Structure formats: structure tokens, C-alpha cells
Amino acid sequence: MAKKIKEINWDYAPSLESTSHIEVKEKYELFIDGKFVKPSSGNYFNTVNPATNEVLSSIAYANEKDVDNAVKAARKAYNEVWSKLSGKERGKYIYRIARLMQERARELAVIETLDAGKTIRESRDIDIPLACNHFFYYAGWADKLEYAFPNRKVESLGVAGQIIPWNFPLLMAAWKIAPALAAGNTVVLKPAETTSLTAMKLAEIIRDSGLPAGVVNIVTGYGDTGAAIVNHEDINKVAFTGSTAVGKIIQKAIAGTGKKATLELGGKSANIIMDDAPIDQAVEGIINGIFFNQGHVCCAGSRLFVQEGVADVVIKKLKRRMDSLIIGNPLDKNTDVGAINSKEQLDTINKYIKIGINEGAEMYQASCEIPKNGYFCPPTIFTGVAQSSTIAQEEIFGPVLTIQTFRTVDEVIQKANNSPFGLAAGVWSDKGSRVFNLTSKLNAGVVWANTYNKFDPASPFGGFKESGYGREGGMHGLSAYVKLK
Ligand code: NAP
Ligand code: MG
């Protein structure tokens, strides 16, 4: 008789990414008109490493006056230089930025991990390469706009005001800046207050690239800095990625002003496992969709729907896999789950976990050790979740997964679409016909089949309903920055 082998608890030796090659200054100024300038208020705020709570640097706070200076610099650069350059010349600058980013990829990845709390695996393998690829991709379009919009006269819009969140700091900056420049616009960009560092590194790269002064301006600050950009009368376009609540404020603020807008907002995306799905791959896809990134992804697969026949086995395997996840120092290359971006976000996540318990759902948390310092949340699932419950309806933006079961295809389509959001979805099935049937009926901007969270610069991304409007990426992303005649 085979002897039962005692389960061995494998531990990995620590494998920390070095921080010796990075430069983080004590203080970062505003990047306006090609120069680093002091904020007119003289005020700075701290940015911390959420995994340790250590202060990394102090960041300049831009008020309305600084925003006005940035918009003026962008307007001047638009009128005098950028709108007069050929697409071919614009493309050369964008390529140069992409190459400089690639050369400094390791430094950018480490700084992103320190400032945002995301794992080095994610920043090194996903954020930074994708950010570079975005610049490469749109550099290629700069001199080919007439092919993107055949038989139309293509004109740039002018000055774009761009506001981004903290979950993919450099990548979101790339999503916004690259297509705007390719289409001939100039830019004023504001990063999120907890993650300004890679935006300031990008400002250094932009300065080093020789891009004409004022074409890209980066102003750091709080929400009111963002509002000053949105409300500035000389902005032609607002591109915003962030919460649905702020998206609604922006929508109201620009109504009737003639400003063009793209809003990329929240999500509560459905990940659907059919009974003929490849179960082990699907379990890995669930983990990838909600836990590897601390759930800090707008399109996170935060609502899991499992067909009844395979529900027990999927949940069993999922719990087992959750228990093997390594949570901890984001700089360690073995870490699967990093830190929550801020104390505020951790408080929000914990508030929702309490609501889930009070609503009567059954909670299971991964049995992994949580570091004592910094902000961490163990991967968490809820079973027995009602469709109408708060945790199944509202965006949590953390490593919290709700699980519901279903019997028929019609039932899961109805449940998946019963959400105020419509950003993304995933479908796992062995049969192409089942996949196509589901993907055509799900109200989501992106639907992945037998995979999850895959991005490419050539592929458009964006949502329906309260997930916003407009598309970023691909040719669609260009149309958000041009007037067609
Ligand atoms: P947020 O609070 O809406 O903040 C986003 C950005 O807007 C930040 O730079 C923020 O500055 C700024 N801001 C705050 N109030 C503003 C105002 N009244 N006017 C103009 N700007 C203002 O969102 P978040 O919590 O940082 O990010 C998480 C949200 O982003 C989630 O809902 C997520 O789903 C969404 N998201 C969507 C996508 C997508 O493509 N659909 C991608 C990533 C994230 P401060 O940081 O200084 O407050
Ligand atoms: Mg930070």
C-alpha cells in the first residue's frame, strides 16, 4: 500500500530585487514648459511605500495657478511647435521616449513597486513593458493618420488634460500621453497623489528626449489639482481614468463646454466558468484575474460565476491555490500578492469584507502570513453570495472575490449583465460555440476567452454603462484625440 506522504511546506529563499541602481530624489518639482519648477504655493506632500510605510520622497503640490501655467505652456507649444511638425517628426520623438523608457525599464519597475506596492513581477513583466510598447505602437501611427481615418481630413484637438489613477501609474500615463502626441496634441497630465514617482521619472525621460518644451507638462497634487485641469477654459479634451464617482463630477463639470472627453471608470467584471472548462487553467485564471494584482485592476474578475456541476471542485481547488500564494514584500521576485496601495484603500476593502459577512455570505481567506508593517489584505472569497448583495454589486478594488453558481447559459448571462458596470468579462469553456454565444451577449467592453487580464497596445479597451465611454488603445484610441472633417 502506498505510504501517505506528509505534505511538505516548501519555502522559497528571499529573492529581493536590488534597489541600488535607482535614483529617487528627496523632492520632486512640477514639470512645466520643459523645466522642473517649484510649486507656487511652496507646498509638498509625502509619497510612501505602502509595503513598509516609509516615506520615499516629497512631491510638489500644484494649485490652480500652477495648472494655469502648465496649460499656457501646452497651448504655446501646440500653437508654435507641435501642431506645425509633420507626423514623421512627431513619431521620431515618441520613438525616442519609448527607447529611453526601455533603457531604464529596471529602474522604472523598481520605483513603481516601491511607490505603488505592486509586486516586482507585475511591474517588471506587465506595467513597464506595456508602457514602452504603447509609446512604440503610437509612434508608428503618427505619420499614418490618414490611413487610420481614410478619406477624412484629420485635425488634432489642441491641449489635452489627462488625469490618471494609482493602480497602473506609468502604464496609464503611457495610455494617455502616447496617442495624444501621435495625433498632434499637447498635454497636461496629473498622476494620482499616492503614485507620482514614475510620472516624474517619465518627465526626466521626456526632458532627456529633447521633446520641445511644453509639449508634455506633468503636475502633481490632489483631487483639486485634477479639478483645476478639468475646469481650465483652455483645455480642449479631458481624458480621465478613475472612479465612477469622480467621472460623474467631471461629466457634469464639462457639460456644455465643448470639451471632448474619454472616461475610463470602474468595473465589477464577471469571470464565468462553464462545466466543460479546463478546470486547472480556469483556477489559475481566477487567481490571475483578482489576486495577483491585489485586485487593483479596473477590469479585475471580481465576480466569479461557476456552473453548478463543477462548483465544488472549482472552489476546492481555488482554496488550495489561495493557500499557496505568497503575500508580502513586493520587491521579492517570489511574491504573488503585494501591498494595498494606501491605508484609505485598505480601510475601504475591510469595510466591504465586514459588509459581506453581515450580509450572510460565507468568507474564506488564504491562510498566509501577513506582514506586520504596511497595508496588506489576504486573498478573500465569499460563497453563498446573493445577486443583490452589496459585495456583488459595488466595486471593491481589492483582493475580494464573490462566488455565485448558475445552471443555464441564459441564467449566467442575466446575472453577469445585472450590474451597473460593463468593463470586462471572462469565459472559460472547451467549446468555441459556447464561448461565442456568451461573448456576443455579455455587456462588456472586453471579453477574454480561456484567459484573463491580457492587454496589447493594438487592442482597444473601454467600457459600457457606468464603466465609462470612449476607447483607449489601438486605432480607436487615436480617434479620441482627433477631429475628423
Ligand atoms: P479616483 O479617486 O477617481 O482618482 C483618479 C484620479 O482623479 C486621481 O488622480 C485623483 O487625484 C483625481 N481626482 C480626484 N478627484 C478629482 C476631481 N474632483 N476632479 C478631477 N480629478 C480628480 O480613482 P482612484 O481611487 O485613484 O482609482 C481607482 C478607480 O479607477 C477604480 O474605480 C478603477 O476601477 C478605476 N480605473 C479604471 C480604469 C479603466 O480603464 N476603466 C483603469 C484604472 C482604474 P488624487 O489621487 O489626488 O485623489
Ligand atoms: Mg506611494
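Every chain is numbered independently, its residues counted from 1 as its sequence is written. Whichever chain is written first becomes A and whichever ligand is written first becomes 1, with later ones labelled in order. Restriction of local features to residues with pLDDT of at least 70 applies here, the model being predicted, together with a cutoff of 80 or more for giving and counting side-chain atom pairs; totals for whole chains, interfaces and linings are based on all residues. Think of the side-chain values as coming from all heavy atoms in the structure, minus any hydrogens and water.

Compared with an ideal rise of 1.5 Å per residue, which puts 17 residues at 24 Å, helix α2 (residues 87-103) spans 24 Å between its outermost C-alpha atoms and is within 8% of the ideal. A 1.4 Å probe rolled over the protein chains alone gives each residue an accessible area, and that area as a share of the maximum for its type sets the label: buried under 20%, exposed over 50%, partly exposed in between. Here a strand is any run of E in DSSP of at least two residues, a helix any run of H or I of at least four, and the numbering for each starts at the N terminus. All buried positions along α2 are accounted for by G87, R90, G91, Y93, I94, I97, A98 and M101. Summarising the axial view, the buried residues of α2 lie within an arc of 160 degrees, below the 170-degree limit, and thus occupy one face. Facing away from the buried side of α2 by over 90 degrees, the exposed positions are K88 and E103. Note on contacts: a residue pair is in contact if any heavy atoms of the two residues lie within 4.5 Å. On its buried face, α2 sits against α3 (105-116), α4 (120-141), α5 (145-148), α6 (169-182) and α7 (197-209). The span one expects for a helix is its residue count, reduced by one, times 1.5 Å. The arc under discussion is defined with respect to the helix axis, by the directions toward the C-beta atoms.

Here the focus is the pairing of strand β10 (residues 237-241). Burial of β10 is extensive: five of the five residues sit out of reach of the surface. DSSP calls a pair of strands paired once it identifies at least 2 bridges connecting them. As judged from the four bridges shared by strand β7 (residues 159-163) and β10, these two strands associate in the parallel manner. Counted as the bridge partner of A160 is K237 from β10. In the classification by handedness, the crossover that spans β10, the intervening helix α9 (residues 244-254) and the parallel strand β11 (residues 260-264) is right-handed. Crossover handedness is defined here as right-handed if the route from the first strand over the helix to the second strand goes clockwise, with the strands pointing away from the viewer.

What follows deals with the site of ligand 1. The nearness test applies per residue and asks whether one of its heavy atoms lies within 4 Å of the molecule or strand. With respect to spatial proximity, 27 residues lie near ligand 1, and among them I164, E193, S243, L265 and E395 are the closest. As used in this structure description, the phrase polar contact means that two N or O atoms lie within 3.5 Å; if the pair is within protein, one of them must be able to donate a hydrogen and the other to accept it, and residues adjacent in sequence are counted only when both atoms belong to side chains. Measuring from an oxygen atom of ligand 1, one finds a side-chain N or O atom of E395 at 2.6 Å. Surface exposure here means Shrake-Rupley accessible area, sampled with a 1.4 Å probe, where a residue is shielded only by the protein chains that are shown. For ligand 1, the protein covers 87% of the area, taking 900 Å² as the surface of the free molecule. Using a grid of 1 Å spacing that covers the protein atoms alone, one calls a set of points a cavity when a 1.4 Å probe fits there but cannot get out, and a pocket when the set is open and has protein on both sides within 12 Å along at least five of seven lines; lining residues are those with an atom within 4 Å of a point. Whether a molecule lies in a cavity or pocket depends on its atoms, and more than half of them have to be within 2 Å of the grid points. At a threshold of 2 Å from the grid points, most atoms of ligand 1 map onto the second largest pocket. Those elements that place two or more of their residues in the shell around ligand 1 are α8 (223-231) and β10. Counting residues per element, the shell around ligand 1 draws most heavily on α8, at three residues. Tallied by class, residues from the shell around ligand 1 come to 15 nonpolar, eight polar and four charged. Those domain boundaries reflect an automatic or database domain assignment. Each of two domains, domain 1 (27-264 + 464-484) and domain 2 (270-449), supplies a minimum of three residues to the shell around ligand 1. Gly falls in the polar group here, along with every residue not listed as nonpolar (Ala, Val, Leu, Ile, Met, Phe, Trp, Tyr, Cys, Pro) or charged (Asp, Glu, Lys, Arg).

So, about the nonpolar core. Grouped burial of nonpolar side chains is what soluble globular proteins tend to show. Here the nonpolar core consists of buried residues drawn from Ala, Val, Leu, Ile, Met, Phe, Trp, Tyr and Cys, with membership extended through side-chain atoms lying within 4.5 Å. M101, L181 and L318 are the most contacted members of the largest nonpolar core, which totals 105 residues. If you tally residues by element for this core, the top one is α6, at 11 residues. Counting contributing residues per domain, this core is built from domain 1 (27-264 + 464-484) and domain 2 (270-449), each supplying no fewer than three. Setting aside residues up to four positions removed in sequence, L181 forms contacts with W82, R90, I94, I97, V187, L211, V215 and V216.

What follows deals with the layout of surface pockets. Of the pockets and cavities examined, the second largest pocket occupies roughly 900 Å³. If you go around the second largest pocket, you meet 38 residues; those closest to its centre are P165, W166, G242, S243 and V246. Sorting the residues of the lining of the second largest pocket by element identifies α8, β10, α9 and α12 (343-358) as the ones contributing at least two each. Broken down by element, the residue count for the lining of the second largest pocket peaks at five residues, all from α8. Split into classes, the residues belonging to the lining of the second largest pocket amount to 19 nonpolar, 14 polar and five charged. Domain assignment of the residues forming the lining of the second largest pocket places at least three in each of domain 1 (27-264 + 464-484) and domain 2 (270-449). Grid points are joined across faces, edges and corners, and a volume is the space filled by probe spheres set on the points.

Next up on the list: the coordination of the magnesium ion (ligand 2). Only N, O and S atoms count as donors, using a 2.8 Å cut-off from the metal and 3.2 Å for Na, K and Ca, and because water is excluded some sites may appear unfinished. Every protein donor of the magnesium ion (ligand 2) is accounted for by T47 (OG1), V48 (O), D115 (O), D115 (OD) and T194 (O), and the metal-donor separations fall at 2.3 to 2.8 Å. Look at where the donors of the magnesium ion (ligand 2) fall in the sequence and you get T-V-x66-D-x78-T. Of the two residues, V48 is situated in strand β4 (residues 44-49) and T194 in the loop between β8 (186-190) and α7; the sequence distance between them amounts to 146 residues. Given the relative accessible area of 27%, V48 is considered partly exposed. On the basis of relative accessibility, which here comes to 22%, the residue T194 falls in the partly exposed class.

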